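Close look at the chain arrangement
So you can see what is in the structure, the chains are spelled out below.
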Amino acid sequence: MSVKIYALGGYNEVGRNMTCVEVENEAVILDMGVYMDRFVPLQDEIKQCSTKTLINEDVIPDDRPIHHLKKKMKGIVLSHAHLDHIGAVSWMSSFYDCPIITTPYTNRILQLKEENDGIKLTNKLISISPNSSYKLSDKIEIEFILATHSVIQSSMTNVITPKGNILYSLDYKFDNHPVIGQTTNKQRLRQLGKEHTLALIVDSTNAEKENKTYSESVAKEMLRDVILGMETDGQGMFVSTFSSHIARLKTIMDVSNNLGREVIFLGRSLFEYINAAEQLDFVNFSDTAEMIKSPYRCKKRLEEINKNKEKYLVVATGSQGEPNATLSKIINEDIPLHLNANDFVIFACGVIPTPMIQANRRMLEHKIHHKKGRIFKDIHVSGHASREDIRDLIKIVSPEHIIPGHGDMGKLASVATLSTDMGYTLGKNVHLLQNGQHVRL
Ligand SMILES: [Zn+2]
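None of these values were measured; they are calculated from a predicted model.

Some details on the overall build of the chain
Secondary structure assignment for the chain yields 14 helices and 19 strands. The burial tally for the chain puts 59% of its 441 residues in the buried class. Look at the contacts in the chain between residues 6 or more apart in sequence, and 74% of them connect residues 24 or more apart. When the accessible surface of the chain is split by element, carbon and sulfur atoms take 46% of a total near 17300 Å². Put simply, the chain has 52 plus and 53 minus side-chain charges, and the middle of one group is 2 Å from the middle of the other.

Structural data, given as structure tokens:
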């Protein structure tokens, strides 16, 4: 019996993640994401785009290398609710006659996406809790192992096969003091180290950073220092972060309460991710904060907020400089809430390391400078493992083979170098794959 691993997306870039594992006459897909760099510019017209167009435009993964596995496909497993892991489902999943397996939070986000994309999923949706497993077929069992990252209920996906475990750990960190939820389930990972782990597919996003990725509680202290420690009196305060980062939003809520300002969440994606988190009882923001889904529909309220900025802290979508998001609308004066000189603009996020997104962010910052706003950048800790966290995971799990994913060749090669430092051999048990390639183990 052999196991084949197909690299379909996320092996030439950060994002667009998709991998397939074939175990004899059965197969499973791990993640189906979009490439944010190409997705953002197309967002407004995407409903009209065909699957073929989106593949040709590099928005979604090219799955032709696994079309011959269509009848063998037993499931599509989604590790967490970020768009670079689930965003392509609307355009790709119906090709495969199999269920989609997620955690409850990802399930909820997927349903919201269905409504927004206007595409009804034909696949059955199955949700299982983190730290539990699901027998998918004769030879494949799926296990979600809870991992800290930057969205609720992120999990490493363990594909249990007769040939051993295949641990898919795209997007994790070892946060010892998370702001929401529990720490990564190291206990289970240590067990995997004692069982036979055939392969580790590992997050290489931050592999070049020679460090440990710090806890979310460090970002909390950074935000407290900026929001409570600076001369803010009377000035407008705008904060932007990833809308899916509920832990970061919780920190912003807590710190703003200390400052005595009411939080306004402004923009559709913030509304949706918070709504899903509230439905599952992870947080309760709407008791004390105000949610405005569409700034165009609440012009009067925005005028009031604009006149009394000192009373509010506005959390707006658009941390990556997306031209159609709320923060850009504020800076461009497209809505009645404006940025004045000396107002604070706090980016509680990093910038996704892809060319279009980096350019968008630079353009937005330029406009903020022009209006003499005060910019605070990188009030952030990453959700991705750094080099030393990757080393720890390899050490704990002790896999037979290592396949780096979630990065361009430089990032993947960085994991390969680390692996060879740890006694592995490139080409023998470390495999550098590109989109469209596969390896037989
Ligand atoms: Zn992620």
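Next, the rest of the story.
Details of the domain arrangement of the chain
Along its sequence, the chain is carved into domain 1 (3-212 + 383-440) and domain 2 (216-376). Placing a centre on the C-alpha atoms of domain 1 and another on those of domain 2 gives a separation of 30 Å. Taken together, the contact pairs 25 residues of domain 1 with 28 residues of domain 2. Between domain 1 and domain 2 the total buried area reaches about 2200 Å² when both faces are included, carbon and sulfur atoms providing 64% of it. Of all residues in domain 1, D37, V179 and I180 give up the largest surface area on contact with domain 2, accounting jointly for 26% of the area buried on that side. Where domain 1 touches domain 2, the interface holds zero salt bridges. For the pair domain 1 and domain 2, the number of links is ten residue pairs in polar contact (both at pLDDT 80 or more). A total of six residues in the side of domain 1 that touches domain 2 trace back to one element, the largest contributor, which is helix α5 (residues 104-117). Classifying every residue of the side of domain 1 that touches domain 2 gives 15 nonpolar, five polar and five charged.

A short note on the packing of aromatic side chains
All told, the structure shown has four aromatic pairs when counted by the stated rule. Note on F95 and Y96: the rings are 4.9 Å apart at their centroids and 85 degrees apart in plane angle, and the pair reads as edge-to-face. On the basis of an interplanar angle of 70 degrees and a centroid distance of 5.3 Å, the ring pair of Y172 and F174 is categorised as edge-to-face. Here K186 stacks its cationic end above the ring of F174, 4.7 Å away from the centre of that ring. Sitting over the face of the ring of F347, R361 holds its NZ or CZ atom 3.8 Å from the ring centroid.

Structural notes on the pattern of salt bridges
Scanning all chains against the criterion turns up 24 salt bridges. With its nearest N and O atoms 3.9 Å apart, the salt bridge here joins K139 to E24. Of this pair, K139 sits in the loop between β7 (132-135) and β8 (141-146) while E24 sits in the loop between β2 (18-23) and β3 (26-30), and the two are 115 residues apart along the sequence. Its relative accessible area of 39% is what places E24 among the partly exposed residues. The residue D254 makes a salt bridge to K250 at a minimum N-O spacing of 3.5 Å. You can see D254 and its partner K250 sitting in helix α8 (residues 246-259), four residues apart, about one turn around the helix. Owing to a relative accessible area of 28%, D254 belongs among the partly exposed residues under this scheme. Of the residues examined, K250 reaches a relative accessible area of 26% and is grouped as partly exposed. Among the ionic contacts, a cluster of salt bridges with common partners joins E13, R16, R38 and D58.

Describing the sheet that holds strand β1 (residues 3-9)
If you trace the seven strands from one edge of the open sheet to the other, you get β6-β5-β4-β3-β2-β1-β19, paired in mixed fashion. Two strands in the sheet have a free side with no partner beyond their single neighbour: β6 (125-127) and β19 (438-440). Ignoring which end each strand starts from, the neighbouring axes of this sheet average 20 degrees apart. Here strand β4 (residues 73-77) pairs with strand β5 (residues 100-102) via two bridges, running parallel. Counted as the bridge partner of V77 is I101 from β5.

Some points on the sheet that holds strand β9 (residues 155-161)
The mixed open sheet is built from six strands, whose spatial order is β7-β8-β9-β10-β11-β18. Either end of the sheet is taken by a strand with one partner, and the two such strands are β7 and β18 (401-405). Strand after strand, the sheet turns through a mean of 15 degrees between neighbouring axes, direction not considered. Strands in contact with helix α13 (residues 387-397) are β9, β10 (164-169), β11 (197-203) and β18; relative to β11, the strand with the most contacts, it is inclined by about 170 degrees. Packed onto the sheet, helix α14 (residues 409-421) meets β11 and β18 and runs at close to 155 degrees relative to β18.

Here's the deal with the nonpolar core
In this structure, M32, I66, Y105, I246, F265 and I346 are the most contacted members of the largest nonpolar core, which totals 70 residues. Looking at which domains feed residues into this core, each of domain 1 (3-212 + 383-440) and domain 2 (216-376) gives three or more. Here F265 is in contact with L249, M253, L270, I274, F285, A289, E290, M291, I292 and V315, once residues within four sequence places are set aside. Listed in part, the 28 residues of the second largest apolar core include I5, V21, L30 and I140.

Comments concerning the side chain of R248
Tracing the sequence through the fold places R248 in helix α8. Those residues in contact with R248 that sit more than four places away from it in its chain are E216, A219, L223, T241, A348, C349, I379, H380 and V381.

Here's the deal with unusual backbone geometry
Generally, phi is negative for residues other than glycine and the peptide bonds are trans, each holding for most cases. In this model, D171 sits at a positive phi of 75 degrees, which is unusual for a non-glycine residue. For D281, which is not a glycine, the phi torsion comes out positive at approximately 65 degrees.

A word on the coordination of the zinc ion
For the zinc ion, every protein donor is listed as H80 (NE2), H82 (ND1), H149 (NE2) and D171 (OD), and the spread of their distances is 2.1 to 2.2 Å. Every donor counted, the four donor atoms about the zinc ion form angles of 86 to 166 degrees at the centre, which fits irregular coordination. Along the chain, the residues donating to the zinc ion fall in the pattern H-x1-H-x66-H-x21-D. Taken as a pair, H82 in the loop between β4 and α3 (83-86) and H149 in the loop between β8 and β9 lie far apart in primary sequence, 67 residues in all. Considered together, H82 and H149 belong to a single accessibility category, that of buried residues.

Rules used throughout
- Residues numbered from 1 in each chain as written.
- Predicted model: local features only at pLDDT ≥ 70, side-chain atom pairs only at ≥ 80, totals over all residues.
- Heavy atoms only, no water.
- Helix = DSSP H or I, 4+ residues; strand = E, 2+ residues; numbered from the N terminus.
- Buried < 20%, exposed > 50% of the residue type's maximum accessible area, 1.4 Å probe, protein only.
- Contact = heavy atoms within 4.5 Å.
- Areas by Shrake-Rupley, 256 points an atom, 1.4 Å probe, with all protein chains shown as cover.
- Lys, Arg positive; Asp, Glu negative; His and termini not counted.
- Charge placed at Lys NZ, Arg CZ, Asp CG, Glu CD.
- Domains from an automatic or database assignment.
- Buried area = accessible area lost by both parts, 1.4 Å probe.
- Salt bridge = Lys/Arg side-chain N within 4 Å of Asp/Glu carboxyl O.
- Polar contact = N/O pair within 3.5 Å; in protein donor to acceptor, adjacent residues only side chain to side chain.
- Nonpolar A, V, L, I, M, F, W, Y, C, P; charged D, E, K, R; others polar.
- Phe/Tyr/Trp six-rings, centres within 6.5 Å; stacked < 30°, edge-to-face > 60°.
- Lys NZ or Arg CZ within 6 Å of the ring centre and 35° of its normal.
- Pairing = 2+ DSSP bridges.
- Axes fitted to C-alpha atoms, helices over the stretch in contact; angles between N-to-C directions.
- Core = buried A, V, L, I, M, F, W, Y, C linked by side-chain atoms within 4.5 Å.
- Donors = N, O, S within 2.8 Å, 3.2 Å for Na, K, Ca; no water.
- Tetrahedral: all angles 85-135°; square planar, octahedral: opposite > 155°, others 65-115°.

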